[in-house]
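# Architecture at a glance
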Amino acid sequence: MGNITLEKVQKKFGETEVIPPLDLAIEDGEFVVFVGPSGCGKSTLLRLIAGLEDVSSGEIRIDGKPATDLPPAKRGLAMVFQSYALYPHMSVRKNIAFPLKMAGLNAEEQNKRVERAAAVLNLTDYLDRRPGQLSGGQRQRVAIGRSIVREPAAFLFDEPLSNLDAALRVGMRLEITELHERLKTTMIYVTHDQVEAMTMADKIVVLRAGHVEQVGSPLELYRNPRNLFVAGFIGSPK
Ligand code: ADP
Ligand code: MG
């Protein structure tokens, strides 16, 4: 599960059309990257999918079911934010368990899921620490852990690595790719970084001024960019 379909999804802010009507299909388990220059609408598109913004017109389906009018909490998606937004006074265990507690799961089920997520993220030895006692990369993993425990249909990432230094970025990139291989859950990943797009994606969606310029695998876009804009963005020789 984890397929998402957009049909003629349009977004206006006041009179300004930021996303002209747009169709997009995301398949179960796919790692999809939205790439494009600053201001092209990547975050807006992700927020429409997450339900953090309302569409102006069009339909969103998640796992075949209409989701256009569902609030974010009912969409079964997990948005992983750039800022860690962890609770500094709580242990890693409590931070990760927090959404489960809010959802009313019993302590045993909370613990089971927290330990499973910690194992996947190599955080087992850190469960009793507080966020302040962790590195930046570990804190990012705790934030991801807090999403994993909810067993979402898809993870949505909006430039999650842009606060990290270059060395840490490479490591986290690999970690997110590995996480996708382990969980096989759909991931939508927004970036303006061509290297991230080319190395992480099953499918790249190149956005330009709110419309889809081209969709394809990294290899397809590299070999066959539709135009100079795509070529420039993908770094191919056309
Ligand atoms: P990106 O994430 O690709 O940098 P955004 O989705 O943040 O782009 O923004 C796309 C366009 O929509 C930009 O022109 C931005 O100024 C505009 N925009 C985004 N959010 C709002 C908002 N809440 N109100 C008005 N305009 C907005
Ligand atoms: Mg953005």
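What you are looking at is a predicted structure, and each value in this text was computed from that prediction instead of being measured. (Residues numbered from 1 in each chain as written. Chains lettered and ligands numbered in written order. Predicted model: local features only at pLDDT ≥ 70, side-chain atom pairs only at ≥ 80, totals over all residues.)

## Regarding the overall build of the chain
The cut-off we apply is this: In this description a helix means any DSSP run of H or I spanning at least four residues, a strand means any run of E spanning at least two, and both kinds are numbered starting from the N terminus. Every radius of gyration here is taken over C-alpha atoms, with the globule rule written as 2.2 Å times N^0.38, N being the number of residues. Counting other C-beta atoms within 10 Å of its own, a residue is labelled buried from 20 upward, exposed at 12 or fewer, and partly exposed in the gap between, with every C-beta atom placed from the backbone. We call two residues in contact when their backbone-placed C-beta atoms lie within 7 Å.
The helix and strand tally for the chain stands at eight helices and ten strands. Against the compact-globule benchmark of 18 Å for 238 residues, the chain has a radius of gyration of 18 Å, which places it among compact chains. Each principal axis of the C-alpha atoms in the chain carries an extent, and together these give about 50 × 40 × 30 Å. Looking at the chain as a whole, 38% of its 238 residues qualify as buried. Of the contacts formed within the chain by residues at least 6 apart in sequence, a portion of 66% connects residues at least 24 apart.

## Concerning the sheet that holds strand 7 (residues 154-158)
Defined as follows: Strand pairing is defined by DSSP finding a minimum of two bridges between the two strands. Fitting a line to C-alpha atoms yields each axis, with helices limited to the stretch in contact; the angle taken between N-to-C directions then spans 0 to 180 degrees.
As summarised here, the arrangement of the six strands in space is 6-7-8-3-9-10, forming an open sheet in which the pairing is mixed. One side of each edge strand has no neighbouring strand; the edge strands of this open sheet are strand 6 (77-80) and strand 10 (211-216). When strand polarity is set aside, the average angle formed by the axes of neighbouring strands in this sheet is 20°. With five bridges connecting them, strand 7 and strand 8 (residues 186-191) associate as parallel partners. Counterpart to phenylalanine 157 in the pairing with strand 8 is tyrosine 189.

## Observations concerning unusual backbone geometry
Located in the positive-phi region is aspartate 63, a residue other than glycine, with phi close to 50°. As for its position among the elements, aspartate 63 is in the loop between strand 4 (57-62) and strand 5 (65-66). For aspartate 63, a count of 16 C-beta atoms within 10 Å corresponds to the partly exposed category. The phi angle at asparagine 122 is positive, at roughly 55°, despite the residue not being glycine. Tracing the sequence through the fold places asparagine 122 in the loop between helix 3 (107-120) and helix 4 (136-148).

## Description of the site of ligand 1
Quick note on the threshold: Throughout this description, a residue near a molecule or strand is one whose C-beta atom, derived from the backbone, lies within 6 Å of it.
Taken together, the neighbourhood of ligand 1 is formed by Phe13, Val18, Gly36, Ser38, Gly39, Cys40, Gly41, Lys42, Ser43 and Thr44. Considering every element that reaches the shell around ligand 1, the biggest residue donor is helix 1 (residues 42-50), with three residues.

## Observations concerning the nonpolar core
The condition that has to hold: A set of buried Ala, Val, Leu, Ile, Met, Phe, Trp, Tyr and Cys residues, joined to one another through C-beta atoms within 7 Å, is what we call a nonpolar core.
If you look at the biggest cluster of nonpolar residues, it comprises 60 residues, and the most contacted ones within it are Val33, Phe34, Leu156 and Ile188. Top element by residues in this core is strand 3 (residues 31-35). It accounts for five residues. Residues within four places of isoleucine 188 in sequence aside, it is in contact with Ile26, Val32, Phe34, Leu46, Ile49, Ala154 and Leu156.

## Here's the deal with the sheet that holds strand 5
Strands pair in a sheet through their backbones, by hydrogen bonds, and they do so in one of two ways: parallel or antiparallel. If you trace the four strands from one edge of the open sheet to the other, you get 2-1-4-5, paired in antiparallel fashion. Bordering the open sheet on either side are strand 2 (16-26) and strand 5, each of which pairs with just one other strand. Of the pairings in the sheet, the one linking strand 4 to strand 5 comprises two bridges and is antiparallel in character. Bridged to arginine 61 within strand 5 is proline 66. Along the sheet, helix 1 contacts strand 1 (4-13), strand 2 and strand 4; its crossing angle with strand 1, the most-contacted strand, is approximately 120°.

## Considering helix 2 (residues 92-102)
Burial in helix 2 covers these residues: Val92, Arg93, Asn95, Ile96, Ala97 and Leu100. Those residues of helix 2 that are buried lie in contact with helix 3 and helix 4. Looking one or two residues beyond helix 2, the residue adopting positive phi is glycine 104, at roughly 85°.

## Structural notes on the pairing of strand 3
In terms of burial, strand 3 is a largely internal element, five of the five residues being buried. Of the two faces of strand 3, both are covered, the one formed by Phe31, Val33 and Val35 as well as the one formed by Val32 and Phe34. The pairing of strand 3 with strand 8 spans five bridges and is parallel. By the bridge assignment for strand 8, valine 33 is matched with tyrosine 189. For strand 3 and strand 9 (residues 203-208), the ladder comprises four bridges, and the chain directions are parallel. Considered in strand 9, the bridge of valine 33 is made with isoleucine 204.

## Re helix 3
Here is the rule we go by: Expected helix span is given by 1.5 Å per residue-to-residue step, counting one fewer step than there are residues. Within this analysis, the arc is defined by the directions that extend from the helix axis to the C-beta atoms.
With 14 residues, helix 3 should reach 20 Å at 1.5 Å per residue; the first-to-last C-alpha distance of 20 Å fits that figure. Of all the positions in helix 3, only Gln110, Arg113, Val114, Ala117 and Ala118 are classed as buried. Across the axial projection of helix 3, the buried residues extend over an arc of 135°, all falling on one side. With respect to the buried face of helix 3, the exposed residues turned more than 90 degrees away are Glu108 and Ala119. Where helix 3 is buried, its residues contact helix 2 and helix 4. Where helix 3 ends, the next residue or the one after it, asparagine 122, has phi of about 55°, a positive value.

Remember, this is a structural readout, not a statement about activity or role.
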